[in-house]
Amino acid sequence: MQNLNKIHLKDEQLANNWLKDNGITQTLFNKTQVFQLQAYKAATNILKHNVELLKTNEYEQLTKYCKQMLNSRQRNSITKRNTYQILNISTRINRQLFKQHRKLIKDTQISNCV
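Residues numbered from 1 in each chain as written. Predicted model: local features only at pLDDT ≥ 70, side-chain atom pairs only at ≥ 80, totals over all residues. Heavy atoms only, no water.

Quick word on the overall build of the protein chain
Turning to step 1, where the next piece is worked out: Counting its secondary structure elements, the protein chain contains six helices and zero strands.
Turning to step 2, where the next piece is worked out: By its C-alpha atoms, the protein chain is 65 × 40 × 20 Å across when sized along the principal axes.
Turning to step 3, where the next piece is worked out: By residue count, 26% of the 114 residues in the protein chain fall in the buried class.
Turning to step 4, where the next piece is worked out: Summarising the internal contacts of the protein chain: among those between residues at least 6 apart in sequence, 59% fall at separations of at least 24.
Turning to step 5, where the next piece is worked out: For the protein chain, the exposed surface amounts to about 8800 Å²; the carbon and sulfur share of it is 54%.
Turning to step 6, where the next piece is worked out: Between the averaged position of the 19 positive side-chain charges in the protein chain and that of its 7 negative side-chain charges there is a distance of 6 Å. (Helix = DSSP H or I, 4+ residues; strand = E, 2+ residues; numbered from the N terminus. Buried < 20%, exposed > 50% of the residue type's maximum accessible area, 1.4 Å probe, protein only. Contact = heavy atoms within 4.5 Å. Areas by Shrake-Rupley, 256 points an atom, 1.4 Å probe, with all protein chains shown as cover. Lys, Arg positive; Asp, Glu negative; His and termini not counted. Charge placed at Lys NZ, Arg CZ, Asp CG, Glu CD.)

Here it is, written out as structure tokens:
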């Protein structure tokens, strides 16, 4: 029984560390709806890693969304429409990254053949 409890605690700590790495606290995770968390994760990842691909208004929209998520009163006012706008920005950035990656691979293959 103690072994099982140790495994459970280890798994819970691992999950909490993953959430923290993705900008989500345990209380935020417990009090937030799934669609809001998905958009929050997408927004934080873009702001961390791909901010140069954003337009000015998109940058402002993502930072505003992240601030709203950290405030419990403002978080309650977030609608699905708001989250879909964030997820659409994320999809556009991911498409751009995929195109860049595909072009890089294609250019590498061409240079290796020559």
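Some words on the side chain of E58
Turning to step 1, where the next piece is worked out: Mapped onto the elements, E58 comes out in helix α4 (residues 56-70).
Turning to step 2, where the next piece is worked out: Looking at E58, the relative accessible area reads 9%, which means it is buried.

Regarding the nonpolar core
Turning to step 1, where the next piece is worked out: Counting residues in hydrophobic clusters, the biggest one holds 18 residues, and the most contacted among them are Y40, L62 and Y65.
Turning to step 2, where the next piece is worked out: Elements represented by at least two residues in this core include exactly α3 (34-49), α4 and α6 (80-113).
Turning to step 3, where the next piece is worked out: Considering every element that reaches this core, the biggest residue donor is α3, with five residues.
Turning to step 4, where the next piece is worked out: Excluding residues within four positions of it along the chain, L62 makes contact with A43, I46, L47, L54, I86 and I89. (Core = buried A, V, L, I, M, F, W, Y, C linked by side-chain atoms within 4.5 Å.)

Observations concerning the packing of aromatic side chains
We describe a pair of aromatic rings using the distance from one ring centre to the other and the angle between the two ring planes.
Turning to step 1, where the next piece is worked out: Following the criterion strictly, the structure yields zero aromatic pairs and no others.
Turning to step 2, where the next piece is worked out: Sitting above the plane of the F35 ring, K80 keeps its charged end 5.2 Å from the centroid. (Phe/Tyr/Trp six-rings, centres within 6.5 Å; stacked < 30°, edge-to-face > 60°. Lys NZ or Arg CZ within 6 Å of the ring centre and 35° of its normal.)

Describing α4
Two residues of an α-helix separated by three or four positions point the same way, owing to the 3.6 residues in each turn.
Turning to step 1, where the next piece is worked out: The end-to-end C-alpha separation of α4 is 22 Å, in line with the 21 Å expected for 15 residues at 1.5 Å each.
Turning to step 2, where the next piece is worked out: By the burial criterion, the buried members of α4 are E58, L62, Y65, C66, Q68 and M69. Summarising the axial view, the buried residues of α4 lie within an arc of 160°, below the 170-degree limit, and thus occupy one face. Among the exposed residues of α4, those oriented more than 90 degrees off its buried face are T56, N57, K64, K67 and L70.
Turning to step 3, where the next piece is worked out: On its buried face, α4 sits against α2 (26-31), α3, α5 (72-76) and α6. (Expected span 1.5 Å × (residues − 1). Arc of directions from axis to C-beta.)

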